[in-house]
Protein chains: 2
Amino acid sequence: MTSPLVTILDDEPEIRRILTETLEDAGFRTQSFARAREFEAALNRVTPDVCLVDLSLPDTDGLALVHRLALEQGAAVIIISGRAQVQDRVTGLELGADDYITKPFDPAEVVARVRARLRSGPRTAAPASETARFSGWTAHFDRYMLEDDTGAETPFSHAEGEVLRLFLDSPKRLISRAQMQEALGGAAGESFDRAMDVRISRLRTKLREDPKNPRLIKTIYGAGYIFLGDVDWA
Amino acid sequence: MTSPLVTILDDEPEIRRILTETLEDAGFRTQSFARAREFEAALNRVTPDVCLVDLSLPDTDGLALVHRLALEQGAAVIIISGRAQVQDRVTGLELGADDYITKPFDPAEVVARVRARLRSGPRTAAPASETARFSGWTAHFDRYMLEDDTGAETPFSHAEGEVLRLFLDSPKRLISRAQMQEALGGAAGESFDRAMDVRISRLRTKLREDPKNPRLIKTIYGAGYIFLGDVDWA
DNA sequence: TGCCTTGCGTAACAAGCTGTAAAACAAGAG
DNA sequence: CTCTTGTTTTACAGCTTGTTACGCAAGGCA
C-alpha cells in the first residue's frame, strides 16, 4: 500500500502550487512539471499512478501526451483544461483520459476525483530507477547520496537534488534560468532568483568542480547553464 | 465478450429515454429504472458494468445506494445529479462514485465518460500481513514487538507502530510530513505536528539508529522522510 | 483507592538547511 | 582600460528538525 504518486503538468506556477499543496495534504506524493519535455524526461524514471495534465500547454500537443500516458504508461490521466466545450471533453476522454476537469476548479473536487481514479484500479506504480551515473559519479536519489568514483559517498540536500535532477534529466542542453525557476517551483522575477545561483554553487562544490574550469556544470553567460557529461539512468 | 451493460436509474422518463437511446446507439446494452427499489431488485439478477444514478430520487437515499453499489457490487458508478455544488460532488465521489455529471448534461459526454469507466478494469482488494522483515529486524505488529537479528525482542508502542507501519508500507520513498499527519490521523497545521518528530525520534532509538548516520530513517530537510532498507512483508 | 509504571504530547534548546543580502569576481561592450 | 552587467561566493538570519526534559493521563497491582 505504498502511497500513490500524482504528477502535475501545468505551466502556471500558481496552479502547480495549489495542486501540490492540496494533494500532499491529502496524503499523496506529488511531482510537478512546467513543461511537457521535462515531464516526459522524468517518465523514464518515474511511473505515476495519476497524472494531472493541463491541455493548453505551449510546447507540445497535450492530447498526444495524454494518449501516450494512458496507453503506454498505464497511468490514470485527468485532464485539467480551460476549455469547457463539450466537444473538447469528449475528445479528451476518447483519447484515453479518465476524467476531465475544467478550470476554474475546486481543489477539494480534484482530490476527490484523484481518489476515485485510484479506487478503480490499483495499478500501483513500479518502483522507479533512482540512480544515475555520470562522469565517474553516481547519484542515488533514493538515499540522497552522491557516490565518488572511489566509492566514497557524500550526502546532498533536497534543494541540491532538485537542481541535480533537472540537469540529469536534460544533459547537454541549455537550461535557461527561467526554466530552472519554473521547474524548481518558484514564481519568477523576484530577488528569489539569486537563491538558484546559490543552489548551483553549493552543488558545484559537492561535485568538486573547479570554478575556473567547470567540467560538468557550465555557465553560459547571459543565457543559462549546460550540464556536460553523459548520463545513464541505470 | 458481450457488449457492456449500463443501467440507468432516474425518475424522469425523458432523461431515461435520452440516455437509453444515446447509449444504445453507442453500442451498449441498457436497462433503465425509475425507482431505487426496482433497481435493487434487479441487482439480484444482473450485474451491470456501469451504473448511471440520479441522486435526487424520491424513494431512497441515493448516496446509500451508491455506497452499496460501489463497494458490494463492484460496479462503476456515475452520479448524474441536478446539484452542482462542489460539496455535493465531493461527497458523492468520496462515497465511492467513480464520476459525477451535473444536469443539464450532453449525451455525448455521458457516453465518453461511460467508455472511460469501462476502460479501467474491475477492482480488487489486497490481503494484509502482520510481520515485516527489514535489514536484520523483524516487526511483529500483532504482538507490538521488534525482533533483533539475534532474536532479542523489544516492545514498541502503538504510536511508534503507526509510524513504523507507514514507513514499511512505502520504503525507499519520500514521505512528506503532510502524508504522515494524514496517516496518523491528525489535522495538519497545529502545534500537533511536533509530536510526530518525537515519535520518529523514539522509533529511531528503538531501531538503534545513529543520529549522525541514519541507516534506516533519513530526514529530508523541508520535504519529509525516507525509509531505506528492503522490506519483506512475510 | 493510592502508588507506580508506561505511553505520549508539549516545551525548550541545539543543530542544520535554505534563502537573502552584500561583497567579490568574471565577461563583454565601448 | 574602464564600465556595466551578470554570476559566484561568503555571511547571516530565519525556519525546520532532533533531542531531552517534563507533565499529564491510562492502566496494573497491592
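Conventions and cut-offs
- Residues numbered from 1 in each chain as written.
- Chains lettered and ligands numbered in written order.
- Predicted model: local features only at pLDDT ≥ 70, side-chain atom pairs only at ≥ 80, totals over all residues.
- Heavy atoms only, no water.
- Near = heavy atom within 4 Å.
- Polar contact = N/O pair within 3.5 Å; in protein donor to acceptor, adjacent residues only side chain to side chain.
- Helix = DSSP H or I, 4+ residues; strand = E, 2+ residues; numbered from the N terminus.
- Nonpolar A, V, L, I, M, F, W, Y, C, P; charged D, E, K, R; others polar.
- Domains from an automatic or database assignment.
- Contact = heavy atoms within 4.5 Å.
- Buried area = accessible area lost by both parts, 1.4 Å probe.
- Salt bridge = Lys/Arg side-chain N within 4 Å of Asp/Glu carboxyl O.

Under an unreviewed UniProt entry, the name given to chain A is Transcriptional regulatory protein OmpR, and the source organism is Leisingera aquaemixtae.

Trainee: Explain the protein's contact with DNA strand D to me, please; I cannot follow it from the model alone.
Mentor: As a structural note, the neighbourhood of DNA strand D is formed by 24 residues, with Arg204 and Thr219 of chain A together with Arg194, Arg204 and Thr219 of chain B the closest of them. Looking at DNA strand D alone, sugar and phosphate atoms form 69% of those within 4 Å of the protein. For DNA strand D, a phosphate oxygen lies 2.5 Å from a polar atom in the side chain of Thr219 of chain A. Looking at the surface near DNA strand D, the elements with two or more residues in it are helix 8 (193-206) and strand 11 (217-220) of chain A together with helix 8 (193-206) of chain B. Each residue belonging to the surface near DNA strand D can be placed in one class, and the counts come to 9 nonpolar, 6 polar and 9 charged.

Trainee: Mind showing me how you'd approach the domain arrangement of chain A here?
Mentor: Interfaces are often described in size by the accessible area the parts lose on coming together. Residue and element names in this part refer to chain A. Here chain A is partitioned into domain 1 (5-118) and domain 2 (131-233). A separation of 27 Å is found between the C-alpha centroids of domain 1 and domain 2. Across the contact, 10 residues belong to domain 1 and 8 residues belong to domain 2. Buried surface at the junction of domain 1 and domain 2, summed over both partners, amounts to about 950 Å²; 40% is from carbon and sulfur atoms. Interface area lost by domain 1 to domain 2 is led by Arg37, Glu38 and Arg45, which between them contribute 52%. One can count 0 salt bridges joining domain 1 with domain 2. At the boundary of domain 1 and domain 2, one finds 0 residue pairs in polar contact (both at pLDDT 80 or more).

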